[in-house]
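# Topology and contacts: notes
Each chain is listed here by its residues.
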Amino acid sequence: MSARSNGVSVFVRTRPSVNFAQDLIEYLPDQKTINIHMKKDTRNVVNNQQSDWAFKMDGVLHNVSQSHVYDMTAKNVVLRALDGYNGTVMCYGQTGAGKTYTMTGATENYKQRGIIPRALQQIFRETEERSEQAFTVWISFLEIYNETLFDLLSTLPDADSRDSQMTIVDDGNGVRVKGLSVHLTNNEEEALNLLFEGETNRIIASHALNKNSSRSHCILTVYIESRSRTLSNAKYVTSKLNLVDLAGSERLGKTGSEGQVLREAMYINKSLSFLEQAIIALADHRRDHIPFRQSKLTYALKDSLGGNCNTVLVANIYEEAAQIEETLSTLRFATRMKCVQTEPAVNEHIDPVLQVKKLEMEIRQLKNELAIHDSLANRSLVSYDAMSDTQIADINFQVHRYLEGTTDEIECLLLVVSVEFESWYNESYLIPEEVQNALRDRGSIRPGMMPLNRVLALEEDEQERFERLHQELLSSSPGSISFYNAHMRTQQRKHYFRAMSQAQPQRKTARVIIPQVKNKPPSILLSS
Ligand SMILES: Nc1ncnc2c1ncn2[C@@H]1O[C@H](COP(=O)(O)OP(=O)(O)OP(=O)(O)O)[C@@H](O)[C@H]1O
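Residues numbered from 1 in each chain as written. Predicted model: local features only at pLDDT ≥ 70, side-chain atom pairs only at ≥ 80, totals over all residues.

### What about the overall build of the chain?
Rules: Helix and strand assignments come from DSSP, with helices taken as H or I runs of at least 4 residues and strands as E runs of at least 2, each series counted from the N terminus. Residues are called buried when their C-beta atom has 20 or more other C-beta atoms within 10 Å, exposed when it has 12 or fewer, and partly exposed otherwise; all C-beta atoms are positioned from the backbone. Working definition of a contact: two residues with C-beta atoms, positioned from the backbone, lying within 7 Å.
In terms of helices and strands, the chain carries 15 helices and 17 strands. For the chain, buried positions account for 39% of its 528 residues. The long-range share in the chain, meaning contacts at least 24 apart out of those at least 6 apart in sequence, stands at 72%.

Following this line, the structure appears as structure tokens:
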């Protein structure tokens, strides 16, 4: 079990190195403790008073597989999200320390896929297994770049890009991003398509420590709704699972960044320092004000760090001497995060339509029972429907007395349904209003797969290579079909975009409007 019920779970993941700083870093056999030893009078000493530190975490993930990382950190959070608990898994650390590798992993290699693709796979496997429940899953993918919000899925058909209008709102039922597209997702492959589409749209740049450095914070959110198929129950549960890949902190001197990359680094460092301030405040139980609104990142994560959420932090570190100061700073942040308390709770709702129907049935049943009772008392068997108005009024009076205490609730519900059902339902519902509208119209929101007419064939030899590889991998790992199909689609789009948008080196796919393409799609895309 990874997530504890009363506090943020914190894991440290190391980026393996041939230059392991064995004099400075010590992993204890309990696989939970890291000791840092630094000589007092070297330039590396961060605090002259102290040269040895011991950091105790929920787990130290050193030289372990992606699968092990997932099992330790996210698996339980995902399972609980399917039960109606909000969850957050977040990677934090120095630039190049392995956050994106941990969170997304290698998009071209199934075995090295990270937490997000594994979570998406687990969600859809579980929803198939839990046949007594009907699940609905939506996905959104937000990017925060230089304090500006971007919709990483705005390039999808019908997503209706509204980047400039996006704002974070807190309506008392939780934080949401107004204007962010949310996509109904029916299976693992559709979900992976959304992930890969968004990843392609992320802003990356090269610097001395990472040639593919993410220059933004990204939050992939999975919204889950679950209703019972067996019980005629008005209750249903919802949850929000946030999978967060933060941009990396960087010492400007070390990364040698300049120009645009330097400007980005300044935004990144500033927002991470606001995140740290919010964490310090959350961890201090005497504080009643938490400075969430200082940055877009902290505001967007307001209900995902503490509160009723199962929260897991993965702190990514280097294990090289040259990065020891940043490693120490990451471990300190992780320790603060560990002090943040959470109170996970199921997000249970009552469906007003079902509730009223149920109450109406109960009232009718009760009325019939009372009518029979009344008729027997008068020694005449008259059915409720055949009674006089006075008899019915009398029975209604008895019903109201019988229902004393619950009558108000029933009347209130009926009133809500008849007068304000539409707005009440929308406000209390998990999904933003515009998305509900789109879903209701069956028009503007569809599963996030690219339509086939957008698919441009790969160069023939590459396509053949992929299909051969695909067959080989499938025979050894049948679970990988969705992953490789989604990867294939992204590759095709990349080829297309490379040809179409050479002039947009920063945002790789850019917001290019794709013309109708009549090429026949490769057979592999038709296999699912
Ligand atoms: N545990 C690991 N095993 C193998 N390779 C790793 C591991 N962690 C990181 N890497 C490799 O190190 C490089 C940098 O990793 P990554 O891009 O994930 O860092 P990051 O923390 O996301 O950086 P940034 O903040 O700059 O985006 C990548 O090439 C990645 O494949």
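### Description of the site of the ligand
Note the following rule: Put plainly, near means the residue's C-beta atom, positioned from the backbone, lies within 6 Å of the molecule or strand in question. For this scheme, ten residues count as nonpolar: Ala, Val, Leu, Ile, Met, Phe, Trp, Tyr, Cys and Pro. Four count as charged, namely Asp, Glu, Lys and Arg, and the remainder, Gly too, count as polar.
Neighbouring residues of the ligand: 17 residues in total, closest Gly98, Thr100, Tyr101, Ser213 and Gly248. Counting residues per element, the ones that place at least two in the shell around the ligand are helix H3 (99-103) and strand E13 (210-214). Of the residues belonging to the shell around the ligand, the class tally is four nonpolar, eleven polar and two charged.

### Quick look at the UniProt feature "binding site: ATP" (unreviewed entry) in the chain
Note the cut-off: UniProt positions are given in the numbering used here, feature names are shortened, and annotations may be inferred rather than shown by experiment.
Following the UniProt record, one finds the feature "binding site: ATP" (unreviewed entry) at Gly93, Gln94, Thr95, Gly96, Ala97, Gly98, Lys99 and Thr100. Take Gly93: it is sitting in strand E6 (residues 86-93). Residue contacts for Gly93: discarding those within four places in its chain leaves Lys99, Gly248, Ala315, Asn316, Ile317 and Thr330. Here Thr100 lies in helix H3. On the basis of neighbour count, Thr100 is assigned to the buried category, with 25 C-beta atoms found within 10 Å. In this structure Thr100 touches Ser214 and Asp245, once residues within four positions along its chain are discounted.

### Points about the confidence of the model for the chain
The line we're drawing: Per residue, pLDDT measures the predictor's confidence, with a range of 0 to 100.
The pLDDT averaged across the chain works out to 77; a share of 68% of its residues lies at or above 70. Within the chain, helix H12 (residues 407-428) has the poorest average pLDDT of any element, 44, and helix H1 (residues 66-73) the best, 98. Counting contacts from residues 412-431, a segment whose pLDDT is below 50, to residues more than four positions away or on other chains yields 25 contacts. Segment residues 441-459 is flagged for pLDDT under 50; beyond a separation of four residues in sequence, or across chains, it makes 52 contacts in the model. Complex prediction metrics read pTM 0.74 and ipTM 0.98.

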